[in-house]
Amino acid sequence: MAFPWQERDGRLSPLKAACFLLLWLPGLWLAARLALNDLGPRPIDELTHESGRWAVWLLLGSLSITPLRRLLEWPALIKLRRQIGVAAMAYALLHLSVYIADLKVDLVRVATEIVLRFYLTIGFVAVLGLIALGITSFDSAIRRMGGKAWGRLHRIVYLIAVIALVHYLLQAKREIDPPMLQVGIFLWLMLYRLGYALGRLRKAWEAWPLALLAGLAAAGAELGWAACCTQLPWRRLAAANWMFDFRISPGWLTLGAALAMALLAQARASWHRRSRAGSPPAPAAARR
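Residues numbered from 1 in each chain as written. Predicted model: local features only at pLDDT ≥ 70, side-chain atom pairs only at ≥ 80, totals over all residues. Heavy atoms only, no water.

**Some points on the overall build of the protein chain**
Looking only at helices and strands, the protein chain features 13 helices and 0 strands. The N-to-C order of helical and strand elements in the protein chain reads α-α-α-α-α-α-α-α-α-α-α-α-α. Buried positions account for 40% of the 288 residues belonging to the protein chain. For the protein chain, the proportion of contacts with a sequence separation of at least 24, taken over those separated by at least 6, is 64%. Per element, the accessible surface of the protein chain, about 16,900 Å² overall, is 68% carbon and sulfur. The protein chain carries 34 positive and 16 negative side-chain charges, and their two centres are separated by 14 Å. (Helix = DSSP H or I, 4+ residues; strand = E, 2+ residues; numbered from the N terminus. Buried < 20%, exposed > 50% of the residue type's maximum accessible area, 1.4 Å probe, protein only. Contact = heavy atoms within 4.5 Å. Areas by Shrake-Rupley, 256 points an atom, 1.4 Å probe, with all protein chains shown as cover. Lys, Arg positive; Asp, Glu negative; His and termini not counted. Charge placed at Lys NZ, Arg CZ, Asp CG, Glu CD.)

Written out as structure tokens, the structure is:
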């Protein structure tokens with residue numbers, strides 16, 4: 001079995017090795033902050049929140065591989081999806097483990113809290129879903145299950161992402177900006193998939209209107225959540241989205257991230273066109 005930084009034939013893959021090292025950085029950063037007593041007055045709470053936040057980011061990262069490899073015309077990115085997905089599971093398990101440790105490993109109390117608190121219930125369901133995806137992500141599991149059954153199981157990743165985002169929003173209470181940015185990125189990913197399924201987004205320029213749509217969707221999601229599920233004054237929140245003195249709203253951040261992706265896609269497409277134009281014509285025998 002190849003290591004995460006290797007190709008299937010055992011050769012070193014610089015792309016996979018770089019990804020593998022980067023996936024360790026959030027955990028090492030949290031460990032360093034804990035060792036330096038830099039996690040604030042309640043370090044266990046901060047460690048719980050940060051590990052959960054990184055689990056969601058990595059889950060979104062695994063979902064971004066398909067759009068990125070298409071928009072950037074970079075097929076090799078598909079090699080990273082398994083690594084990132086397994087890392088999301090690992091950070092989710094760290095998130096759960098720290099929570100259990102915070103309750104003094106009192107498993108009866110842990111179970112009671114999970115059953116009685118809705119946001120903990122759905123968070124636990126998301127962790128179980130990531131475990132199921134993680135342990136079936138290897139080639140041996142695909143062979144045992146068969147391609148169709150494996151594909152059906154792994155499509156629950158979209159539901160898991162929704163559950164994880166709702167868990168984060170419920171836990172965040174009034175501090176909704178960080179989870180709402182993740183909601184915005186998720187909406188961009190889902191809008192891309194919808195557009196691609198409808199036969200659009202085959203061209204790099206089509207990523208520009210998608211960015212605008214994703215920004216509007218993120219802003220709408222923020223205001224809808226504030227109005228329905230929090231005590232936040234959504235009208236004042238809507239007005240504050242146009243003021244940049246103290247915050248940049250998740251809608252604007254989503255728009256900026258999506259525009260950056262559109263710019264990268266456009267640059268990559270232009271580079272490919274120039275490369276093809278500058279390539280020598282194939283010999284006549286090869287053309288035949």
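**Structural notes on the packing of helix α2 (residues 43-71) against helix α8 (residues 157-172)**
One way to put it is that α2 packs onto α8 with a least axis distance of 11 Å and a crossing angle of 150°. By the angle class used here, α2 and α8 are roughly antiparallel. Here α2 and α8 pass one another in a crossing that is left-handed. Judged by residue contacts, His49, Arg53, Val56, Leu59 and Leu63 of α2 engage Val157, Tyr158, Ile160, Ala161, Ala164, Leu165, Tyr168 and Gln171 from α8. (Axes fitted to C-alpha atoms, helices over the stretch in contact; angles between N-to-C directions. Parallel < 35°, antiparallel > 145°, perpendicular 65-115°, else oblique. Left-handed = near helix turned anticlockwise from the far one by under 90°.)

**With respect to the side chain of Glu206**
In this fold, Glu206 is placed in the loop between α9 (177-197) and α10 (207-229). From its side chain, Glu206 meets the backbone nitrogen of Leu201 in a polar contact 2.8 Å long. The residues contacting Glu206, other than those within four sequence positions of it, are Arg200 and Leu201. (Polar contact = N/O pair within 3.5 Å; in protein donor to acceptor, adjacent residues only side chain to side chain.)

**With respect to the environment of Leu153**
For Leu153, the position within the fold is in helix α7 (residues 147-154). Sequence separation between Leu153 and Leu22 is 131 residues; the distance between their C-alpha atoms is 28 Å. Setting aside its immediate chain neighbours within four residues, Leu153 contacts Ala132, Leu133, Thr136 and Met145.

**Digging into the packing of helix α1 (residues 14-35) against α2**
Interaxial distance between α1 and α2 falls to 11 Å at its minimum, and their mutual angle equals 170°. With respect to α2, the axis of α1 lies roughly antiparallel. Across the interface between the two elements, Leu23, Pro26, Trp29, Leu30, Arg33 and Leu34 of α1 pack against Pro43, Glu46, Leu47, Glu50, Ser51, Trp54 and Leu58 of α2. Classifying every residue of the contact of α1 with α2 by side-chain character gives 9 nonpolar, 1 polar and 3 charged. (Nonpolar A, V, L, I, M, F, W, Y, C, P; charged D, E, K, R; others polar.)

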